[in-house]
Amino acid sequence: MGLLQSLGLRRSNQWERLTLLDHLLLSPLTFLTIHIYHILVWLRGRPFRPPRNKEPVRVVCISDTHDQTAIEVPDGDILVHAGDLTNAGTAVDIQKQLDWLNSFSHAVKVVVAGNHDSYFDPMSRLEEDVKSKARLQLGSILFLQGDVTVQEVNGRKISIFGAGDIPECGPKEFAFQYTAARQPWQNRIPPETDILVTHTPPKHHLDLGVGCPHLLREVWRVRPRLHIFGHCHWAYGQEPIYFDQMQAAYESLLSRPSHGPIMDFLPNPSWIDMWKVVYYGLHGVAWKWLMGGSRSNQGSLMVNAAQMYGNTGRIKSRAVVVDI
């Protein structure tokens, strides 16, 4: 570890948040645009509201519990765990987490695997589980791996698609890994999906820069109302998104290679992306608050529900609750 990393001025690995110095050395223009984008998204208000004259469906989102159960899980209609229930991924460890989740009263409970949940992927299952022929008792839990389930909740039909596939990031014991050449997302998610549950984040959204661009393209195609994921502990939070020209410009800017702070002062395509974010973002704010157009309720919400507090090994009780 270098001096700047030891002083906390630079991050030491890609799973940590970029520091201010990291941002400035990569691209001050991008750093500025990120803040402008989030201010504009905040000014646009809530990305959607539950249907009128219908009872909201309350979704409780958690992820990356890593064997821990000291988490306050609020009441709701749907409980979603977006993977990494355990550290070791054995059937015994996973069963403990399943038993804990089954203790809650939510009418619908959905789980996808995380890369640490080796048992769920036969190609990554640990030898001890293979030899013992261990089996899981899911109880009332719906485990999804490339599956869709339609649940009637509060008189409404809610379509949920889940998959734990994740870009290659570790040893063969990690579950459901894929390479860029074998990405599994193209035209995979049903277009009527209301809630999308994955373990990996999409690229550029609550992902520390390691999310999947192929998943992002699929999200643009499907446009689910709610997308729940985890994996990147330090990126915990919520992010309203709008599938419009502001978001397209924002993602275009973030996808450009960083050439350092000096190049930011020379004319380059990143300037165009930045001004598009500002222009289309202000247009979106005006449409929302001045004209109240139909597009003001056409957004989605992305939730990184990781419960593990960064790389500390500690849990912060902070389940995310969303009414749809």
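Residues numbered from 1 in each chain as written. Predicted model: local features only at pLDDT ≥ 70, side-chain atom pairs only at ≥ 80, totals over all residues. Heavy atoms only, no water.

So, on to the nonpolar core. Counting residues in each nonpolar core, the largest one holds 29 residues, and the members touching the most others are Tyr37, Trp185, Ile189, Leu215 and Val277. Only helix H3 (28-43), strand S6 (156-163), helix H6 (213-222), helix H7 (245-254) and helix H8 (269-291) provide two or more residues apiece to this core. Among the elements that make up this core, the one with the highest residue count is H3 (4 residues). Once you skip the residues sitting within four places of it in the chain, isoleucine 189 turns out to touch Phe161, Leu196, Leu215, Glu218, Arg221 and Val222. Within the second largest apolar cluster, 24 residues are counted, among which are Val108, Val153, Ile195 and Leu226. (Core = buried A, V, L, I, M, F, W, Y, C linked by side-chain atoms within 4.5 Å. Buried < 20%, exposed > 50% of the residue type's maximum accessible area, 1.4 Å probe, protein only. Helix = DSSP H or I, 4+ residues; strand = E, 2+ residues; numbered from the N terminus. Contact = heavy atoms within 4.5 Å.)

With that out of the way, let us pick up the sheet that holds strand S11 (residues 237-241). Spatial strand order, S5-S6-S9-S10-S12-S11: 6 strands in an open sheet with mixed pairing. At either end of the open sheet lies a strand with only one pairing partner, and these are strand S5 (147-153) and S11. Taking the axes of each pair of neighbouring strands and ignoring which way they run, one obtains an average angle of 20 degrees across the sheet. Sheet topology places strand S9 (residues 195-198) next to strand S10 (residues 226-229); 3 bridges connect them, and they run parallel. (Pairing = 2+ DSSP bridges. Axes fitted to C-alpha atoms, helices over the stretch in contact; angles between N-to-C directions.)

Quick look at the side chain of lysine 109 now. As for its position among the elements, lysine 109 is in strand S3 (residues 108-111). In this structure the side chain of lysine 109 is engaged in a polar contact, spanning 3.1 Å, whose partner is the backbone oxygen of phenylalanine 104. In this structure the side chain of lysine 109 is engaged in a polar contact, spanning 3.2 Å, whose partner is the backbone oxygen of histidine 106. (Polar contact = N/O pair within 3.5 Å; in protein donor to acceptor, adjacent residues only side chain to side chain.)

Quick look at a nonpolar patch on the surface now. On the surface, a cluster of nonpolar side chains totalling about 520 Å² of accessible area is made up of Leu3, Leu4, Leu7, Leu9, Leu21 and Leu25. Mapped onto the nonpolar patch, the elements with two or more residues apiece are helix H1 (3-6) and helix H2 (20-26). Checked against the element boundaries, leucine 4 lands in helix H1. (Patch = residues over 30% accessible without salt bridge, like charges linked within 9 Å, V, L, I, M, F, W, Y side chains within 5 Å. Areas by Shrake-Rupley, 256 points an atom, 1.4 Å probe, with all protein chains shown as cover. Salt bridge = Lys/Arg side-chain N within 4 Å of Asp/Glu carboxyl O.)

All right, on to the pattern of salt bridges then. Under the counting rule described, the total for this entry stands at 8 salt bridges. Note that aspartate 165 is salt-bridged to arginine 188, the shortest N-O span being 2.8 Å. With aspartate 165 in the loop between S6 and strand S7 (166-167) and arginine 188 in the loop between strand S8 (177-178) and S9, the pair connects residues that are 23 residues apart, well separated along the chain. Judged by its relative accessible area of 24%, arginine 188 falls in the partly exposed class. Arginine 256 is paired through a salt bridge with aspartate 273; the nearest N and O atoms lie 2.6 Å apart. Taken together, the positions of arginine 256 in the loop between H7 and H8 and aspartate 273 in helix H8 put the pair 17 residues apart, joining distant regions of the chain.

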